[in-house]
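# Reading the structure
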Amino acid sequence: MPNEITDMMRQREYTDAVREILSEKSARRGREYTACVVTYGCQQNENDSERLRGMLLLMGYRLTPERRGADLVVFNTCAVREGAEMRLFGNVGALVHEKRKNPDMMIAVCGCMMQIEENARRIKMRYPHVDMVFGTHTLYRFPEILLNTLKNGGRTFDVLDTKGHIYEGLPILRDKSFSANISVMYGCNNFCSYCIVPYVRGRERSRAPEAIIDECLRLMDGGVQEIMLLGQNVNSYGGGGRAFAELLYRLDRLGIPRIRFMTSHPKDISDELIAAYGELKHLMPQLHLPVQAGNDEILRAMNRRYTREKYLETVRKLRKVCPEIGLTSDIIVGFPGETLEQFEDTMSLAREVRFDAAYTFIFSPRAGTRAAEMPDDTPYEEKSRRIQRLIDLQQRITLQILEKQVGRRETVLVESVSARDENSVGGKTPRGHMVNLPGDRGLIGKFVDVEITSAGRNTLRGKRI
Ligand code: SAM
Ligand code: SF4
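Residues numbered from 1 in each chain as written. Chains lettered and ligands numbered in written order. Predicted model: local features only at pLDDT ≥ 70, side-chain atom pairs only at ≥ 80, totals over all residues. Heavy atoms only, no water.

Further remarks concern the overall build of the chain. When helices and strands are tallied, the chain shows 14 helices and 19 strands. Across its three principal axes, the chain shows a C-alpha extent of roughly 65 × 55 × 50 Å. Residue burial in the chain is summarised as follows: out of 465 residues, 54% are buried. Considering only contacts in the chain between residues 6 or more positions apart, those separated by 24 or more positions represent 74%. Counting 69 positive and 62 negative side-chain charges, the chain places the averaged centre of each group 2 Å from the other. (Helix = DSSP H or I, 4+ residues; strand = E, 2+ residues; numbered from the N terminus. Buried < 20%, exposed > 50% of the residue type's maximum accessible area, 1.4 Å probe, protein only. Contact = heavy atoms within 4.5 Å. Lys, Arg positive; Asp, Glu negative; His and termini not counted. Charge placed at Lys NZ, Arg CZ, Asp CG, Glu CD.)

Below is the structure:
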């Protein structure tokens, strides 16, 4: 029997053992045990947190969104930029007082940041109130780690495993019943010079298409209307080439109403994938295609392995097969050595492509990556000025694109109730624009036809038709 399967069977036994201990302890104190999972970073991390919640539920915890008062708080961390790391240390530190109030309380820190030895060591030395630390590769061992800590009362550190296998069948408690994130691959082989992901998530490994299809069929039975396929670079799914497009064709035939995916590396986008946008009924006209920079020298220094012209050509091809496609992007400003002229190339690319939205970041040096060693003499204030200009430009473009939607009829998949008005709901158009419309909680997970009546800075307003 493959190791992964025996490993998983063992974890089920640990799950049962934790459940038993908790049930005894709850009976003794007359109150159930609660757990809260706090997530930082990308959708892959959100998806890992859904798995952590699935495991916690099976182990007998009641889940709560509120970390204060919870008996177990799990921080699922992100290492992509320094800001997220700083927030994590602040938030973990702030729980010292909570722990004093509740002697049963336990704290776990896991995920990408904990794959970096120095971070794990810092938690060990300076945050003695943290009980458990584990990395992305040992997430499946959470029941074992928790059982060990509950039984022995000490601290458990489990971050050494870097093999990064694929574990099918981990429990999962999904955030939404109508829309599901599905990881199709893990890790990354690209080593963009600024990026920590390949170091903390390991090498690329893809799930078998059959396992993904099975999962989709089960989700459809449960009423899922939309799937988001996840991977750091889905274009190299199954070793690259046509494999990802083939997976999409197979999934399209299942009849799931809406299929989306992220992220796509521009260097690997295949002609078959572009053609899929013209052919597949359920593939939504939306693509996140991070460009990172508009200047060839910077792209080379980033090790992105495409040129500005190649990127623009891909955009032209996509718009030819699918004129309505909404493109979004990630852009890094202030990469080491970026001159003002080179930044102007990024501005002109944003003007030329006209993204629906762009996520903009100031370069954040990550120890261990090549870019962190590159000379960087641009003052932070100058980088801030540049990013502000890019944000202003993108906001103008986004508003113009949204204004063009006014008067159109669209089908919206309703996702949520407005936090400010319980008689207003929000959902996305096929292109991914968020539309707010009158309605109540009962519409969540349903498709609603709307006419777009007005455009705001980031969202649309509509009325039901
Ligand atoms: N795999 C995806 C890709 O290739 O675009 C996304 C990975 S990363 C989690 C998301 C975004 O964070 C990247 O597209 C990049 O713009 C940004 N990013 C990654 N490392 C960064 C760094 N060191 N400084 C600033 N932004 C960074
Ligand atoms: Fe990071 Fe590049 Fe891999 Fe994306 S493709 S995760 S940016 S190394």
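More follows now that the structure is in view.
All right, on to empty space enclosed by the protein then. Applying the stated criterion across every chain, the model contains one cavity of 30 Å³ or more. Considering each element in turn, the lining of the largest cavity owes the most residues, three residues, to helix α2 (residues 43-58). When grouped by side-chain class, the residues that make up the lining of the largest cavity number six nonpolar, five polar and four charged. (1 Å grid on protein atoms, 1.4 Å probe; cavity = no way out; pocket = protein on both sides within 12 Å on 5 of 7 lines; lining within 4 Å. Points joined across faces, edges and corners; volume = space filled by probe spheres on them. Nonpolar A, V, L, I, M, F, W, Y, C, P; charged D, E, K, R; others polar.)

Over the atoms, a rolling probe the size of a water molecule traces out where space has been left empty. The volume enclosed by the second largest pocket comes to roughly 310 Å³. As for the second largest pocket, its lining consists of 16 residues, of which E85, I116, E118, N119 and A367 are closest to the centre. Counting only elements with at least two residues in the lining of the second largest pocket, the list comes to α3 (82-93), α5 (117-126) and α7 (197-201). If you tally residues by element for the lining of the second largest pocket, the top one is α5, at four residues. Grouping the amino acids of the lining of the second largest pocket by side-chain chemistry returns eight nonpolar, three polar and five charged.

Right, let's get into the packing of aromatic side chains. Applying the stated rule across the entire model yields eleven aromatic pairs. Aromatic pair Y237 and F244: ring centres 6.4 Å apart, planes at 70 degrees, arrangement edge-to-face. Summarising the burial analysis for this pair, Y237 and F244 share the class buried. Above the face of the F361 ring, R81 is positioned so that its terminal group lies 3.7 Å from the ring centre. Between the NZ or CZ atom of K124 and the centre of the ring of F157, over which it lies, the distance is 4.8 Å. (Phe/Tyr/Trp six-rings, centres within 6.5 Å; stacked < 30°, edge-to-face > 60°. Lys NZ or Arg CZ within 6 Å of the ring centre and 35° of its normal.)

Attention now goes to the environment of P65. Looking at the element boundaries, P65 is found in the loop between β2 (62-63) and β3 (72-77). Overall, the relative accessible area of 83% leaves P65 in the exposed class. Separated by 29 residues in sequence, P65 and C36 place their C-alpha atoms 5.7 Å apart.

The next thing to look at is the packing of helix α1 (residues 3-29) against helix α6 (residues 142-152). How two helices sit against one another is set out by the angle between their axes and by the gap between those axes. One way to put it is that α1 packs onto α6 with a least axis distance of 8 Å and a crossing angle of 40 degrees. Here α1 lies oblique to α6, going by the angle between them. Here α1 runs over α6; the crossing is left-handed. Contacts from Q11, Y14, T15, A17, V18 and I21 in α1 reach F142, P143, E144, L146, L147, L150 and K151 in α6. Considering only residue class, the contact of α1 with α6 consists of nine nonpolar, two polar and two charged. (Axes fitted to C-alpha atoms, helices over the stretch in contact; angles between N-to-C directions. Parallel < 35°, antiparallel > 145°, perpendicular 65-115°, else oblique. Left-handed = near helix turned anticlockwise from the far one by under 90°.)

Read around the barrel, five strands follow the order β15-β16-β17-β19-β18 and close on themselves; strand pairing throughout is mixed. Strand-to-strand twist across the sheet, computed as the mean angle between neighbouring axes with direction ignored, equals 55 degrees. For strand β17 (residues 434-438) and strand β19 (residues 460-464), the ladder comprises two bridges, and the chain directions are parallel. Across the sheet, residue V435 finds its bridge partner in β19, namely L460. (Pairing = 2+ DSSP bridges.)

With respect to spatial proximity, 15 residues lie near ligand 1, and among them R81, Q232, Q292, D330 and S364 are the closest. S364 places a main-chain nitrogen or oxygen 2.8 Å from a nitrogen atom of ligand 1. Considering ligand 1 on its own, with 560 Å² of exposed area, one finds that the protein chains cover 92% of that surface. Breaking the shell around ligand 1 down by element, the ones donating at least two residues are β13 (326-333) and β14 (357-362). Classifying every residue of the shell around ligand 1 by side-chain character gives seven nonpolar, four polar and four charged. (Near = heavy atom within 4 Å. Polar contact = N/O pair within 3.5 Å; in protein donor to acceptor, adjacent residues only side chain to side chain. Areas by Shrake-Rupley, 256 points an atom, 1.4 Å probe, with all protein chains shown as cover.)

This part covers the side chain of R174. Relative to the helices and strands, R174 is located in the loop between β6 (156-158) and β7 (179-183). Of note is the side chain of R174, whose polar atom sits 2.8 Å from the backbone oxygen of N181. At a separation of 2.5 Å, a polar atom in the side chain of R174 contacts the side chain of E215. When sequence neighbours within four positions are dropped, the list of residues in contact with R174 reads N47, E50, A180, N181, E215 and L219.

The next thing to look at is the sheet that holds β7. In space, the three strands of this open sheet follow the order β7-β10-β11, with parallel pairing throughout. The two strands at the open ends of the sheet, each matched to only one other strand, are β7 and β11 (258-262). Looking at each pair of strands side by side, their axes are set apart by 20 degrees on average, direction ignored. Inspection of the sheet shows β7 paired to strand β10 (residues 226-230) by five bridges, in the parallel sense. Bridge pairing in β10 places A180 opposite I227.

So, to be careful, I would describe these as geometric facts and stop short of saying anything about function.
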